[in-house]
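Here is how the chains run, residue by residue.
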Amino acid sequence: MRTPHLPPLRGAPCAEEDDELPDAIDDREIFDLIRSINDPEHPLTLEELNVVEQVRVKVNDAESTVSVEFTPTIPHCSMATLIGLSIKVKLLRSLPERFKLDVHITPGTHASEHAVNKQLADKERVAAALENTHLLEVVNQCLSARS
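As a starting point, this report considers the structure included with it. The shown structure was predicted, so the numbers you read here are calculated from the model rather than taken from an experiment. (Residues numbered from 1 in each chain as written. Predicted model: local features only at pLDDT ≥ 70, side-chain atom pairs only at ≥ 80, totals over all residues. Heavy atoms only, no water.)

What follows concerns the pattern of salt bridges. Pairs can form between side chains of opposite charge whenever their charged atoms are close. For the structure on display, the rule yields six salt bridges. Between aspartate 32 and arginine 28 there is a salt bridge, with the nearest N and O atoms lying 3.1 Å from each other. With aspartate 32 and arginine 28 both in helix H1 (residues 27-34) and four residues apart, this pair spans about one turn of that helix. Since its relative accessible area comes to 35%, aspartate 32 is described here as partly exposed. Look at arginine 28 and you get partly exposed, because its relative accessible area is 38%. The residue arginine 98 makes a salt bridge to aspartate 61 at a minimum N-O spacing of 3.0 Å. Taken together, the residues span a long stretch of sequence, with arginine 98 in the loop between helix H2 (80-94) and strand E3 (100-105) and aspartate 61 in the loop between strand E1 (57-60) and strand E2 (65-70) at a distance of 37 residues. For arginine 98, a relative accessible area of 34% translates into the label partly exposed. One network of salt bridges, in which partners are shared, links Arg28, Asp32, Arg35 and Glu47. (Salt bridge = Lys/Arg side-chain N within 4 Å of Asp/Glu carboxyl O. Helix = DSSP H or I, 4+ residues; strand = E, 2+ residues; numbered from the N terminus. Buried < 20%, exposed > 50% of the residue type's maximum accessible area, 1.4 Å probe, protein only.)

See below:
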């Protein structure tokens, strides 16, 4: 029995096929981007150390905002700013420019959370930090895949 030839359907393309529409970004996608960042002091990832958790990632794709709370391993962690900077750099390199990023310490989990959050929120300080070749090298090591 022969199958009749049907003409192609016309109409609105599926959202997945429409290159004009940006793909929606959700909490899980952001978490997947940051979960494998290496801790600067330990041979473990931020996810393995519970520094980042999916429940602390909030995305509003319609408003182009991404918020990530991270929890340093100890209240006096000297690497908190570097960890936050690594998360911010990973997202800056991975996301479309339309997104406004907010990377901050989970409230009440670090002795210097306000100072660290202020540094991470300051675009000029972040840009200056990334011009420091040694600091950029350390950030890139945190972002590189473990061998």
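This next bit is on the pairing of E3. With six bridges connecting them, E2 and E3 associate as parallel partners. Within E3, the position partnered with glutamate 69 by the bridge is histidine 104. Of the crossover connections in this fold, the one passing from E2 over H2 to the parallel E3 is right-handed. (Pairing = 2+ DSSP bridges. Right-handed = clockwise from strand over helix to strand, strands pointing away.)

On to unusual backbone geometry, then. You will see that asparagine 50, though not glycine, has its phi angle at about 60°, which is positive. Mapped onto the elements, asparagine 50 comes out in the loop between H1 and E1. Phi angles above zero are rare outside glycine, and serine 64 is one such case at about 55°. Position of serine 64 among the secondary structure elements: in the loop between E1 and E2.

As for its position among the elements, threonine 71 is in the loop between E2 and H2. A distance of 2.8 Å separates polar atoms of two side chains, one belonging to threonine 71 and the other to threonine 106. Among all residues touching threonine 71, those that are not within four sequence positions of it are Asn50, Val51, Arg56, Thr106 and Thr109. (Polar contact = N/O pair within 3.5 Å; in protein donor to acceptor, adjacent residues only side chain to side chain. Contact = heavy atoms within 4.5 Å.)

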